[in-house]
Amino acid sequence: MFFASDNSGPVAPQVLDALARANEGHAMGYGDDPLSQKVAEDLRVLFEAPEAAVYLVPTGTAANALSLACLCPPYATVFCSPAAHIHEDECNAPEFYTGGAKLTLVGDSDRMTPEALRASIAGEETRGVHGPLRGPVSITQLTERGNVYSMEELRALTGVAKEFGLPVHLDGARFANAAVKLGVTPAEMSWKAGVDICVFGGTKNGLMGVEAVLIFDPAARSSSGAVAQNRLAAEFELRRKRGALLFSKHRYLAAQMAAYLEGDLWRDLAGRANARCDQLVQGLKGLDVTLRTEQHANVLFFDLPRRVHRELHAAGAVYSMWDSLDGPDDSIATARLVCDWSLPPEAVSEFTDLLARSL
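One structure accompanies this document, and this report is about it. Given the structure is predicted, the values throughout are model-derived calculations rather than measurements. (Residues numbered from 1 in each chain as written. Predicted model: local features only at pLDDT ≥ 70, side-chain atom pairs only at ≥ 80, totals over all residues. Heavy atoms only, no water.)

## Some thoughts on the overall build of the protein
At step 1: Counting its secondary structure elements, the protein contains 13 helices and eleven strands.
At step 2: For the protein, whose C-alpha radius of gyration is 21 Å, the value lies close to the compact-globule estimate of 21 Å for 359 residues.
At step 3: The principal-axis extents of the C-alpha atoms in the protein amount to approximately 65 × 60 × 35 Å.
At step 4: Per-residue burial over the protein gives 54% buried out of 359 residues.
At step 5: Long-range contacts, defined as pairs at least 24 residues apart, comprise 75% of the intrachain contacts of the protein with a sequence gap of at least 6.
At step 6: Put simply, the protein shows about 14800 Å² of open surface, and 53% of that area lies on carbon and sulfur atoms.
At step 7: Distance from the positive charge centre (33 side chains) to the negative charge centre (45 side chains) of the protein: 3 Å. (Helix = DSSP H or I, 4+ residues; strand = E, 2+ residues; numbered from the N terminus. Rg over C-alpha atoms; globule rule 2.2 N^0.38 Å. Buried < 20%, exposed > 50% of the residue type's maximum accessible area, 1.4 Å probe, protein only. Contact = heavy atoms within 4.5 Å. Areas by Shrake-Rupley, 256 points an atom, 1.4 Å probe, with all protein chains shown as cover. Lys, Arg positive; Asp, Glu negative; His and termini not counted. Charge placed at Lys NZ, Arg CZ, Asp CG, Glu CD.)

## As for helix α2 (residues 34–46)
At step 1: The end-to-end C-alpha separation of α2 is 18 Å, in line with the 18 Å expected for 13 residues at 1.5 Å each.
At step 2: Three or more residues of α2 are buried, namely S36, V39, A40, L43, R44 and L46. For α2, the arc enclosing every buried residue in end-on projection is 165°, short of the 170-degree limit, so these residues lie on one face. Those residues of α2 that are exposed and aimed more than 90 degrees away from the buried face are P34 and V45.
At step 3: On its buried face, α2 sits against β1 (53–57), β6 (197–201), β7 (211–215), α10 (251–261) and α11 (265–286).
At step 4: One or two positions beyond α2, positive phi appears at E48, with a value near 55°. (Expected span 1.5 Å × (residues − 1). Arc of directions from axis to C-beta.)

## A few points about the packing of helix α3 (residues 60–71) against helix α9 (residues 231–242)
At step 1: At a closest axis distance of 9 Å, the pairing of α3 and α9 adopts a crossing angle of 135°. What the angle tells us is that α3 and α9 run oblique. The chirality of how α3 crosses α9 is right-handed. Here α3 contributes L66, S67, A69, C70 and L71 to the contact with α9, which in turn contributes R231, L232, E235, F236, R239 and R240.
At step 2: Class assignment for the residues of the contact of α3 with α9 results in six nonpolar, one polar and four charged. (Axes fitted to C-alpha atoms, helices over the stretch in contact; angles between N-to-C directions. Parallel < 35°, antiparallel > 145°, perpendicular 65-115°, else oblique. Left-handed = near helix turned anticlockwise from the far one by under 90°. Nonpolar A, V, L, I, M, F, W, Y, C, P; charged D, E, K, R; others polar.)

## Quick word on the pattern of salt bridges
At step 1: Enumeration over the complete set of coordinates arrives at 17 salt bridges.
At step 2: With a closest N to O distance of 3.8 Å, R155 and E152 form a salt bridge. One end of the pair is R155 and the other is E152, both in helix α7 (residues 151–163) and three residues apart, which spans about a single turn.
At step 3: Residue E152 is classed as exposed on the basis of its relative accessible area of 54%. (Salt bridge = Lys/Arg side-chain N within 4 Å of Asp/Glu carboxyl O.)

Here it is in C-alpha cells:
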C-alpha cells in the first residue's frame, strides 16, 4: 500500500536492460554518442516536430529552470499557478537560473483560468522601470494537485499568452499520465496547443532519472538536420553546461529515454498508473470519501477524519499528508495518494478494504 509518490516507484525492467546494453564498450561523451543522437531524433518523431531542438537533463527541476531561464530575463516575471512545482518545490531554482526573475502567481487554484491569466499579465508593464517585464507563462500538466487541464483549457491559456506575445513553457513531469488520460498525442498536448518549450518527464514514470526538453522553434534545426545555433537552443546548451547539468556519460541518460520510447513504453507505464488511480477513485467514491481532485490521472487528493488517517498509517498504508495528523479524531485532514506504474491492483484493494473497516 505504497502511495507516497511516483518518484518512489522502481525503475522499469526495460530501462535497466537498456542501461546494461549501453554499458558495453566505449562511447563519446556529452551527447556525441550515436544513442543520444538517435534518441533526440526519435523524440522529434514522437512529437511530430522535425525542427525541434532536443536536450536531456537528469531532473525535472533542471528541465524547468533551464527552460525558463532561456525564456525569461532577470527583469521579467514568469506567470504560473500558486500550486506550480516551480513555485512550491524547486527551492527558487527558476529564480536562481533566470538571474532573479520573479514569479507572478495567477489565481488561487492549481489550474489557472484564462480570465485570471489575462488579468495578471495585463497588470504588469504598468509601472515602467519600477515593475517587471511580462515573461513566459508556465503551465503544469498534470497539476501538482493532480488535475489535468483539458485540451480546451490548455489552448485557452496559450491563447492568452499569445495575445500578449509571450512564450509558453509546459512543465510535463507527469506529461505521460496527462496525455494518456486525455487520449491525445504528445504533439497535440504541446506545440499544436501553443507550447514553445515542453518538458517530457520520465523520472516519475518508471525511469531512473532523465527528462527531455523540446524547444519547438523552426530555427532550432537547419535544413540539413544539424542543430543550428539559434538563440534558444544555443542558450539552453550553454546554461546546461554552466549549471553543471551536462552529463559526461550522456549515453546513460539516452539509454533510459530510448527504452521509454521503444514500443511506447511511456504510454504503457502511464496507463498502468492511471488505471490504479481509477480503481482508487471508484473504491473511495463507493465509501463516500470526499475527493479534492476533480480530473485525476495518477494523483488524488482526499479528505478523511484524522482518526482514520492515523489508523491507515498504523496499518501500513504509506501516503503523504497535506495537513497535520495531529488534532481531534473527528477533525478532517487532506492527504494525497499517488499511483506509480508498478502498483498492483491488490494493493489498491487492500487499501480500500482497510479504509472501509476504519470508517
